[in-house]
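# Fold and contact review
Each chain is listed here by its residues.
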Amino acid sequence: MKPCGRLVLQMARRMGSCEQKVSSCRQFSSEATAHDNIKVGTLCEMELAVAKQLNMKSHLPAPLSKQMDTLGEIVTLIREPIAEIASCMRIVDKNLPNLRLVLWGAFGTGKTVTLNQAVHHAYTNKWAIVHLRSAMELTRRVKEIEMSSFVSGRINDPSNAVAILQNFKQQNQHIWKILGVLLTEKDYEWSKSERTLKGKPITEIIEMGISAPFLASDCVGALFRELRRHAKDDKLKVLVAIDDANSLWGKTLVKRADRTYAPPSDLTLVVHFRRMISNDWTNGCVLMVADKKEVADARDELGVSRHTPLELFGEEGFEFVEPFVPIETTNYTESETDALYNYYVNKNWLASKAARSEEGRKQLMHLSAFNPYYYERLCAFN
Amino acid sequence: MHRLSHIGTRSKSTLADKLRNAVGGADYGKSKQAMAAGSLTAKDENGEDFRELYVMPKRKLRGQTQLEQATGRAEVKTRSRFDLMDRLAERPPRSEEMDPEKHTWSDIWPAARTFASSVVPLPVRMGSRPNVEKRAPFKKEGNLELVKIPNFLHLTPVAVQQHCEAIKKFCTPYPPELLSDASITPSLLPISVQYSTYIHQGTNIRDIRSRVITMIVDVDYLKLSENAAEKLVRLAGNRYNQETGQLTIITDRCHTRKQNLDYAHYLLTVLYHEANKQEAWAELKERSDNLQVEFDGSTTKSKLEDLIEKAKSSGLKTDEKALAEFGEMWKTYRNTEETAEKTREYGRQMKKMLGI
């Protein structure tokens, strides 16, 4: 689909088949002026080390992460949506309630990749990143549950909570020292024996959660609360990136004791993430992806679900998420496909002679119907 | 039975008499006749009457008749039919006695009746034949198939014309206002009733679907108050079409069309009167009970107002007047079918309002 990564490259089209310079650069800095912005339609590479830190391998869509392994680099196309997100992130201010953006679009148009590009952008601008790979994991891929001792009726998910904390730790290594300076505002009594005292760095909460899975869900909640507090105090800016965010109001596969499915509002992690989305805190940006996975039914051969936000979030979710700025991801334009095509040709990714011809270029474009996912798949097989 | 008089052969004379008659005169046989008759003069020696001697039968002998037959001079006796008088007593079919000058078809066949082959003057045939070229379908006399099917012989154009002429004096002309401008029909005639009639060729001419009645009413013309109109919409359920504002009542629960029509009228009346009733519990209606989501009073509006204020204070070029426009767009977005284009419009207006 989309190669991932960020490097400034010249428009490959002009240079024809000559090799592209690979040099890392920081794009979309928070105080960037117009001319600093990378032009929409160019390819950008992400450094592998950065990608590793940001755990891109698991967060990117599968075809792309496999391509990352094969080609040894992550190169993505900069398109309209990420430019919009970057401009929105520039507006984030300590007085402004958190800006909510919802990425929506048809299948295979680049929602997840844009989200990851935004995460990288946040990284380069030293924001704190709360990145959730997929909210569906919280609602539908719950391996084991525990009833919460903190609030009765809530259901904890130790394995997912630990994963979230570990992911947070890994992704925020670039600001770990800053996080180490931020202090907790109150005593946290996790259980009778474990507690975190007031005035301790919040990194302790993370460590506590990772070491004790049965406390992890509560630690996640505490961590998020501290992040919100410190963002309000303008200590740091926070990007909350949730893929498949509409699943937070969707279907659950968690069974309660009476063999009924628990609603998502009964799951602690879902509640914590919903609090991160709600706009009672400032100095942050919440980037959500509305994905059809939640409502699409594989057994329904005739129905086609919509991919628009109201349909996917549902009434309750929509009213919670409002007011937000919807950002649409669309199919490629011809120039975008050209840029990608030239990249693939240079990388010798397009193997067959037919694919490398002019005729092949046009065919690939049209066969995929300009859909980024199918374009990548076609190029992989030709 | 009538017997034609014929001359019996037994009264004919013998061959010898004939010859004698042929040779002799008229009175030749008188003496003989006298003797044969047994007169007083003709007595024998003993004084007894003369007894005629039977020598030859008084008929044509077999040989003679055979000769006559062979030569072709035999008298052919025409025997009449045994049922001849019965046949003569029967009249020919009526269709043969019809004269277009003297009779009118609508007098002969005034109403629908089963096919009567003797009355219908048409040489109509009906029947399935394996090879139509060789043998024609069966004729109408005694043809049950012609009897079984429905015929429309009572509906000749002339008959129809006569019916129309008879009814015309009870009719009024079609309203010229409706003829000139068909679009004002709903305002003058707000209720439209639709039903279908089905014609079948077969053993059963009936169709159960002909009792279905569809009644379409334009709700605006009921002139209900706002609350009553909303109540009507709720009562009607999916019979009410929001886009066209029409209430459609389809009934087929009664056996006949007339009954279904009456039922449809009854339903409309009940809906109207129930809609006009205001119940005490209707006061308990909340925002979540509304049929449509309103922008005013929604959490979105309050959050937006808050956001716009804060955005202004942090330096964005917000547009407050755009909030009303946004509210309109939001209401359409929430209450009608969501499309990609509507979502894009939502995005555009949001960005404009917040000054992004």
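Residues numbered from 1 in each chain as written. Chains lettered and ligands numbered in written order. Predicted model: local features only at pLDDT ≥ 70, side-chain atom pairs only at ≥ 80, totals over all residues. Heavy atoms only, no water.

- Per an unreviewed UniProt entry, chain A goes by Small ribosomal subunit protein mS29 and derives from Caenorhabditis briggsae.
- According to the UniProt record, the Sequence similarities (unreviewed entry) comment for chain A reads "Belongs to the mitochondrion-specific ribosomal protein mS29 family." (UniProt positions renumbered as here; feature names shortened; annotations may be inferred.)

## Considerations on the overall build of chain A
- From N to C terminus, chain A includes 17 helices and 11 strands.
- Its C-alpha atoms give chain A principal-axis dimensions of about 70 × 50 × 35 Å.
- Counting every position in chain A, which comprises 382 residues, the buried fraction comes to 57%.
- Nonlocal contacts in chain A, meaning residues at least 24 apart in sequence, comprise 74% of its contacts between residues at least 6 apart.
- Accessible surface, chain A as shown: approximately 16400 Å² in total, 50% of it carbon and sulfur.
- Separation between the mean location of the 50 positive side-chain charges and that of the 46 negative ones in chain A comes to 3 Å. (Helix = DSSP H or I, 4+ residues; strand = E, 2+ residues; numbered from the N terminus. Buried < 20%, exposed > 50% of the residue type's maximum accessible area, 1.4 Å probe, protein only. Contact = heavy atoms within 4.5 Å. Areas by Shrake-Rupley, 256 points an atom, 1.4 Å probe, with all protein chains shown as cover. Lys, Arg positive; Asp, Glu negative; His and termini not counted. Charge placed at Lys NZ, Arg CZ, Asp CG, Glu CD.)

## Quick word on the side chain of E68 of chain B
Residue and element names in this part refer to chain B.
- Residue position: E68 is located in helix α3 (residues 62–71).
- We classify E68 as buried; its relative accessible area is 16%.
- Setting aside chain neighbours within four positions, we find E68 in contact with K60, R73 and A74.

## Examining the sheet that holds strand β3 (residues 99–105) of chain A
Residues and elements named next belong to chain A.
- Spatial ordering of the open sheet is given by β4-β9-β10-β3-β11, a layout of 5 strands whose pairing is parallel. The open sheet terminates on both sides in strands that have one partner only, identified here as β4 (128–132) and β11 (325–329). Pairwise comparison of adjacent strand axes, ignoring direction, gives a mean angle of 15 degrees for this sheet.
- Note: β3 against strand β10 (residues 284–289), 5 bridges, orientation parallel. Opposite L103, over in β10, you have V289 as the bridge partner. (Pairing = 2+ DSSP bridges. Axes fitted to C-alpha atoms, helices over the stretch in contact; angles between N-to-C directions.)

## Some thoughts on the packing of helix α14 (residues 334–346) of chain A against helix α16 (residues 358–367) of chain A
Residues and elements named next belong to chain A.
- Where α14 contacts α16, the axes come no closer than 11 Å and their chain directions differ by 125 degrees. Taken together, the axes of α14 and α16 are oblique relative to one another. Judged by the sense of rotation from one axis to the other, the crossing of α14 with α16 is right-handed. Residues E334, T337, D338 and Y341 of α14 pack against R361, L364 and M365 of α16. (Parallel < 35°, antiparallel > 145°, perpendicular 65-115°, else oblique. Left-handed = near helix turned anticlockwise from the far one by under 90°.)

## Points about a nonpolar patch on the surface
All names here are of chain B.
- A contiguous nonpolar patch, built from L15, L19, L53, V55, M56 and L61 and spanning about 600 Å² of accessible area, is present on the exposed surface.
- Along the chain, M56 falls in the loop between α2 (28–37) and α3.
- By relative accessible area, which is 32% here, M56 ends up partly exposed. (Patch = residues over 30% accessible without salt bridge, like charges linked within 9 Å, V, L, I, M, F, W, Y side chains within 5 Å. Salt bridge = Lys/Arg side-chain N within 4 Å of Asp/Glu carboxyl O.)

## Structural notes on unusual backbone geometry
Residue and element names in this part refer to chain A.
- In the segment running from E322 into P323, the intervening peptide bond is cis, with an omega of -10 degrees.
- Secondary-structure assignment places P323 in the loop between α13 (309–321) and β11.
- Phi at F370 is positive, roughly 65 degrees, even though this residue is not glycine.

## Some points on the domain arrangement of chain A
- Structurally, chain A comprises domain 1 (131–237 + 245–292) and domain 2 (331–382).
- Here the C-alpha centroids of domain 1 of chain A and domain 2 of chain A sit 41 Å apart. (Domains from an automatic or database assignment.)

## Notes on the sheet that holds strand β1 (residues 191–194) of chain B
Residues and elements named next belong to chain B.
- What the 4 strands build is an open sheet, ordered β1-β2-β4-β3; its pairing is antiparallel. Only two strands of the sheet have a single neighbouring strand rather than two, namely β1 and β3 (240–241).
- Pairing of strand β2 (residues 213–218) with strand β4 (residues 246–251) involves 6 bridges; the strand directions are antiparallel. Following the sheet pairing, I216 is matched in β4 by T248.
- Against the sheet, helix α11 (residues 257–276) contacts β1, β2 and β4, and its axis sits at roughly 140 degrees relative to β4.

## Some details on the packing of aromatic side chains
- Applying the stated rule across the entire model yields 19 aromatic pairs over all chains.
- Plain terms: the ring middles of Y188 of chain A and W190 of chain A are 5.3 Å apart, the flat faces sit at 5 degrees to each other, and that makes the pair stacked.
- Judged by centre distance (5.2 Å) and plane angle (85 degrees), the ring pair of Y373 of chain A and Y374 of chain A falls under edge-to-face.
- Among the residues examined, Y373 of chain A registers a relative accessible area of 23% and is labelled partly exposed.
- In this structure Y374 of chain A comes out as partly exposed when scored by relative accessible area, which is 41%.
- By way of ring pairs, the aromatic residues F318 and F324 of chain A together with F295, F326, W330, Y333 and Y346 of chain B are connected into one cluster.
- The aromatic ring of W109 of chain B is capped on one face by R113 of chain B, whose charged end is 4.8 Å from the ring centroid. (Phe/Tyr/Trp six-rings, centres within 6.5 Å; stacked < 30°, edge-to-face > 60°. Lys NZ or Arg CZ within 6 Å of the ring centre and 35° of its normal.)

## A few points about the packing of helix α12 (residues 299–313) of chain B against helix α14 (residues 340–354) of chain B
All names here are of chain B.
- In contact at an axis separation of 10 Å, α12 and α14 are set at 45 degrees when each is read in the N-to-C sense. As far as their axial angle goes, α14 and α12 are oblique. The residues of α14 that touch α12, namely those facing L304, L307 and I308, are M350, M353 and L354.
- When its residues are assigned to classes, the contact of α12 with α14 shows 6 nonpolar, no polar and no charged. (Nonpolar A, V, L, I, M, F, W, Y, C, P; charged D, E, K, R; others polar.)

## Brief notes about the UniProt feature "domain: Small ribosomal subunit protein mS35 mitochondrial conserved" (unreviewed entry) in chain B
- Mapped onto this numbering, the UniProt entry gives "domain: Small ribosomal subunit protein mS35 mitochondrial conserved" (unreviewed entry) at residues 191–279 of chain B.
- Split by type, residues 191–279 of chain B is 35% helix and 20% strand. Its first and last C-alpha atoms lie 28 Å apart.

## Looking at the pattern of salt bridges
All names here are of chain A.
- The tally for this structure, following the rule as stated, stands at 41 salt bridges over all chains.
- A salt bridge links E137 to R133, with the nearest nitrogen and oxygen atoms 3.5 Å apart.
- Exposure remark for E137: the relative accessible area of 17% places this residue in the buried category.
- Residue R133 is classed as partly exposed on the basis of its relative accessible area, which comes to 37%.

## Remarks on the interface of chain B and chain A
- Facing the 25 residues of chain B at the interface are 26 residues of chain A.
- For the pairing of chain B and chain A, the buried interface totals around 2200 Å² over both sides, and the portion due to carbon and sulfur atoms is 61%.
- A per-residue breakdown of the area chain B buries against chain A is headed by K303, R334 and E338 of chain B, which together make up 26% of the total.
- There are 5 salt bridges connecting chain B and chain A.
- Across the salt bridge formed by R344 of chain B and E328 of chain A, the nearest N and O atoms sit 2.5 Å from each other.
- Where chain B touches chain A, the interface holds 14 residue pairs in polar contact (both at pLDDT 80 or more).
- Every element with two or more residues in the side of chain B that touches chain A is listed here: α12, α13 (322–335) and α14 of chain B.
- Take the side of chain B that touches chain A: its biggest share by element is 8 residues, from α14 of chain B.
- Residues of the side of chain B that touches chain A, tallied by class, amount to 11 nonpolar, 6 polar and 8 charged. (Buried area = accessible area lost by both parts, 1.4 Å probe. Polar contact = N/O pair within 3.5 Å; in protein donor to acceptor, adjacent residues only side chain to side chain.)

## A word on the pairing of β4 of chain A
Residues and elements named next belong to chain A.
- Of all 5 residues in β4, 5 are buried, a share of seventy percent or more.
- The two faces of β4 match: A128, V130 and L132 on one face and I129 and H131 on the other face are all buried.
- Sheet analysis places β4 next to strand β9 (residues 238–242), joined by 5 bridges and oriented parallel. Paired with A128 across the strands is V238, a residue of β9.

## Quick notes on the side chain of N167 of chain A
All names here are of chain A.
- You can see N167 is positioned in helix α8 (residues 158–171).
- Using a relative accessible area of 10% as the deciding quantity, one classes N167 as buried.
- Sequence-distant contacts of N167, defined by excluding residues within four places in its chain, comprise N55, H59 and H131.

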